[in-house]
Amino acid sequence: MRTLVILMLLVGGTVAGAWLGGETWLAHEAQRRITADGRVGAATVAPLREIGRIGLGLTDVEVTTPAGPALLPEVELWAAPTSPTQFHAALPPRMTLPVMGRGIAVTAEDALLTLRVSPGSEMAISRAGATSGPVTIEGRPLLAALDAQAQLVAMGAAAPRDARAAYDLAGGLRDLTGTGLLPLPPALADRAISLDGAARVFLTAPLRQGADAPVPRLVGLTSDGVTLTLGDQSLRLAGNIYAGDNGRAEGAAFIYVTDARPWLQLAADLGAIPAVTVALANTALDQVAQTEVALPPGTPAPPDPARGEKRIPLIFRDGKVFLGPLPLGDAPPFPAGA
């Protein structure tokens, strides 16, 4: 999906001129920019000629990516007259995308990308979104639905020290499976993943227009609740984590779950923990959930557990991680992989 942003920005940058010369001028200018850019090709670029939308229809679109070419039979790009800085890209129901080094057939129902830029903030991306109905990979289901939005917001007083921008993330995905991409372990083969909730991410700078713009660093993450569902199991995640002076995670994360044992059994089935420790680990989590713990300075109090839920705290402090009061070892780098 990220490669389509290139095309959206190339065409979106000319939309303002459409107020002067109309869509015919826009089509010629977009074709000129596409030709000059070299990363995007299209057989035809034509005006939409629709009331309420200023935009273009492109056919036989090819976008060059590091993984290979993305091929789209048609793409519609437009902006509403009432919102000329917000651009939309409607993707075709069938396309060929580079995945893991090869082009594969992808279908997506009603897939739409949205991007809004802020001229008053040096063309920072102030809103981005992606929605889609069912998606398949080479005829195999990948996900049932996607609705994800990111909105540039004021940081607030609790922002990490190095933060210069904050985005609110909201939405979710439903019934994500790996059957269209990779073979799964037996413990996961018949289970779909769903996510739903909201979070705020803190970055060292806003996201900027342009495919070559530097990517800001993630320095903080906070959420009052993101629900993860795996098959018939679910849990909720919340917390406030940020990068400490040593580059490791600081703050606290909380896992809300009615019964931790099925998750521990899944971890054992995947080889993450010995099977003989499941019962002992479940007892330890029950005790930790009932123990009061001191939060790191500046960490807000977590939401109360719902009726029947256990709240399991993970504390990141002074480069160490604790399960409630129990030390587990060094805290991981933040963000992961840094």
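Reading the values: the criteria
Residues numbered from 1 in each chain as written. Predicted model: local features only at pLDDT ≥ 70, side-chain atom pairs only at ≥ 80, totals over all residues. Heavy atoms only, no water. Helix = DSSP H or I, 4+ residues; strand = E, 2+ residues; numbered from the N terminus. Expected span 1.5 Å × (residues − 1). Contact = heavy atoms within 4.5 Å. Core = buried A, V, L, I, M, F, W, Y, C linked by side-chain atoms within 4.5 Å. Buried < 20%, exposed > 50% of the residue type's maximum accessible area, 1.4 Å probe, protein only. Polar contact = N/O pair within 3.5 Å; in protein donor to acceptor, adjacent residues only side chain to side chain. pLDDT = per-residue confidence, 0-100. Salt bridge = Lys/Arg side-chain N within 4 Å of Asp/Glu carboxyl O.

**A closer look at helix α4 (residues 278-289)**
Relative to the 16 Å expected for 12 residues at 1.5 Å per residue, α4 spans 16 Å between its end C-alpha atoms, a close match to the ideal helical length. Close packing links the buried residues of α4 with α3 (261-269), β18 (310-317), β19 (320-323) and β20 (326-330).

**Description of the environment of Gly57**
Positionally, Gly57 belongs in strand β3 (residues 54-65). Along the sequence, Gly57 and Leu77 sit 20 residues apart, while their C-alpha atoms lie 6.5 Å from each other. Among all residues touching Gly57, those that are not within four sequence positions of it are Thr44, Val45, Ala46, Leu48 and Val75.

**Considering the nonpolar core**
Counting 28 residues, the largest nonpolar core has Val45, Leu58, Val61, Leu72, Met95 and Val106 as its most contacted members. Within the residue set of this core, elements represented by two or more residues are α2 (18-37), β3, β4 (68-80), β6 (94-99), β7 (102-108), β10 (135-137) and β11 (140-143). Formed by 14 residues, the second largest nonpolar core is a distinct cluster that contains Leu230, Leu235, Val288 and Leu323.

**Some remarks on the side chain of Thr65**
Along the chain, the position of Thr65 falls in strand β3. A polar atom in the side chain of Thr65 sits 2.4 Å from the backbone oxygen of Gly68.

**A closer look at the side chain of Ser132**
By the secondary structure assignment, Ser132 is in strand β9 (residues 124-132). Among all residues touching Ser132, those that are not within four sequence positions of it are Ala108, Glu109, Asp110, Ala111, Ala145 and Leu146.

**A word on the confidence of the model for the protein chain**
Fine structural detail should not be taken from predicted coordinates in areas where pLDDT scores are low. Residue-level pLDDT values for the protein chain average 86, and 89% of them are 70 or greater. Mean pLDDT per element in the protein chain: helix α1 (residues 2-12) is the minimum at 54, and strand β12 (residues 145-153) is the maximum at 96. Here residues 16-20 is a poorly scored stretch, pLDDT under 50, and it has 8 contacts once near neighbours within four places are set aside; other chains count.

**Points about the pattern of salt bridges**
Considering all chains together, one arrives at 11 salt bridges under this definition. A salt bridge links Arg102 to Glu138, with the nearest nitrogen and oxygen atoms 3.1 Å apart. Taken together, the residues Arg102 in strand β7 and Glu138 in the loop between β10 and β11 connect sequence positions 36 residues apart. Judged by relative accessible area, Arg102 falls into the partly exposed class, the value being 46%. With a shortest N-O distance of 3.9 Å, Asp162 and Arg161 are connected by a salt bridge. In this structure Arg161 comes out as exposed when scored by relative accessible area, which is 62%. When salt bridges with common partners are traced through the structure, they connect Arg102, Glu138 and Arg140 into a single cluster.

**Considering unusual backbone geometry**
Residues Phe334 and Pro335 are joined by a peptide bond in cis, for which omega reads -5°. Locating Pro335 in the fold gives a position in the segment after β20. For Asp60, which is not a glycine, the phi torsion comes out positive at approximately 50°. Relative to the helices and strands, Asp60 is located in strand β3.

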